[in-house]
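Structure at a glance
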Amino acid sequence: MTNLPKNKQLVLFDGVCNLCNSSVLFVIKHDKKDLFMFAPLESAIGQQIIDKFHIDTEETDSILLYNPLKDKLYYKSTAALRIAKKLGFPIAIGAIFLVIPAFIRNLVYDYIAKNRYSWYGKKASCMIPTPELQSKFID
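As the structure is a prediction and not an experimental result, all values here were calculated from the model. (Residues numbered from 1 in each chain as written. Predicted model: local features only at pLDDT ≥ 70, side-chain atom pairs only at ≥ 80, totals over all residues. Heavy atoms only, no water.)

A word on the environment of Leu 107. Topologically, Leu 107 is positioned in helix 4 (residues 102-120). In this structure, the C-alpha to C-alpha distance between Leu 107 and Lys 76, residues 31 residues apart in sequence, is 9.9 Å. (Helix = DSSP H or I, 4+ residues; strand = E, 2+ residues; numbered from the N terminus.)

Next comes the structure, spelled out in structure tokens:
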């Protein structure tokens, strides 16, 4: 985790999930302030963070947001909404859902996460970023 810039937040995502990969590309497109870096959950840094925070990947296997300045990890709907909050208007408006208790938000999130492979499909291996996007990813 030493190669993670302190001024960036790291989005960990399911590298074989088509929905997750599309979401990452959406965030990259709208990350005008260059606040985020990305890594698959399956990567070395993903595994380091999972181990450090004792994340059960059977329960949380789709998105994590790591803030190195606060050494804090957000997951599920809280991670998604905290990412949206940083993407500017109008996307940031979605962060208003943070007022809803996480256990309620996560019911919807878990339903989508549980069905994401059947609805959106799955790749045989992790996404390989194009050369133009390589600087946004950590291995």
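The discussion continues.
Turning our eyes to something else, we now look at helix 4. Its maximal kink placed at Lys 114, helix 4 deviates by approximately 40°. When helix 4 is considered as a whole, its buried residues turn out to be Arg 105, Asn 106, Tyr 109, Ala 113, Asn 115 and Arg 116. Among the structural elements, helix 1 (18-30), strand 3 (63-67) and helix 3 (76-85) are those in contact with the buried residues of helix 4. Backbone geometry just after helix 4 places Gly 121 at a positive phi near 90°. (Bend = angle between axes of the 7 residues up to and from the residue. Buried < 20%, exposed > 50% of the residue type's maximum accessible area, 1.4 Å probe, protein only. Contact = heavy atoms within 4.5 Å.)

What follows covers helix 1. Under the 1.5 Å per step criterion, the end-to-end length of helix 1 is 19 Å for 13 residues, consistent within 8% with the ideal 18 Å. Taken as a whole, helix 1 has its buried residues at Cys 20, Asn 21, Val 24, Val 27 and Ile 28. Along the axis of helix 1, the buried residues cluster in a sector spanning 120°; they form a single face. Buried residues in helix 1 make contact with strand 1 (9-13), strand 2 (36-40), helix 3 and helix 4. (Expected span 1.5 Å × (residues − 1). Arc of directions from axis to C-beta.)

As a further point, take unusual backbone geometry. Trans is the common state for peptide bonds, and a negative phi is the common state for residues other than glycine. The omega angle of the peptide bond from Phe 89 to Pro 90 is 0°, so this bond is cis rather than trans. In this structure, Pro 90 sits in the loop between helix 3 and helix 4.

Our focus in this paragraph is the pattern of salt bridges. If you walk through the whole model with that rule in mind, you get 6 salt bridges. Across the pair Lys 52 and Asp 71 runs a salt bridge whose closest N-O atoms are separated by 2.6 Å. A residue pair is termed long-range when its members are at least 10 positions apart, and Lys 52 in helix 2 (residues 44-52) and Asp 71 in the loop between strand 3 and strand 4 (72-75) qualify at 19 residues. Three or more residues joined by partner-sharing salt bridges are found here, namely Lys 8, Asp 31, Asp 34 and Lys 136. (Salt bridge = Lys/Arg side-chain N within 4 Å of Asp/Glu carboxyl O.)

A separate point is the sheet that holds strand 3. Strand pairing in a sheet relies on backbone hydrogen bonds. The paired strands run either parallel or antiparallel. Pairing in this open sheet of 4 strands is mixed, and the strands run 2-1-3-4 from one edge to the other. Edge positions in the sheet fall to strand 2 and strand 4, since each has one partner strand and no second. Neighbouring strand axes in the sheet, compared pairwise and without regard to direction, differ in orientation by 25° on average. Strand direction decides the pairing type here: strand 1 and strand 3, joined by 4 bridges, are antiparallel. Bridging from a neighbouring strand, Leu 10 pairs with Tyr 66 of strand 3. Across the sheet, helix 2 is in contact with strand 1, strand 2, strand 3 and strand 4; its angle to strand 1 comes to roughly 95°. (Pairing = 2+ DSSP bridges. Axes fitted to C-alpha atoms, helices over the stretch in contact; angles between N-to-C directions.)

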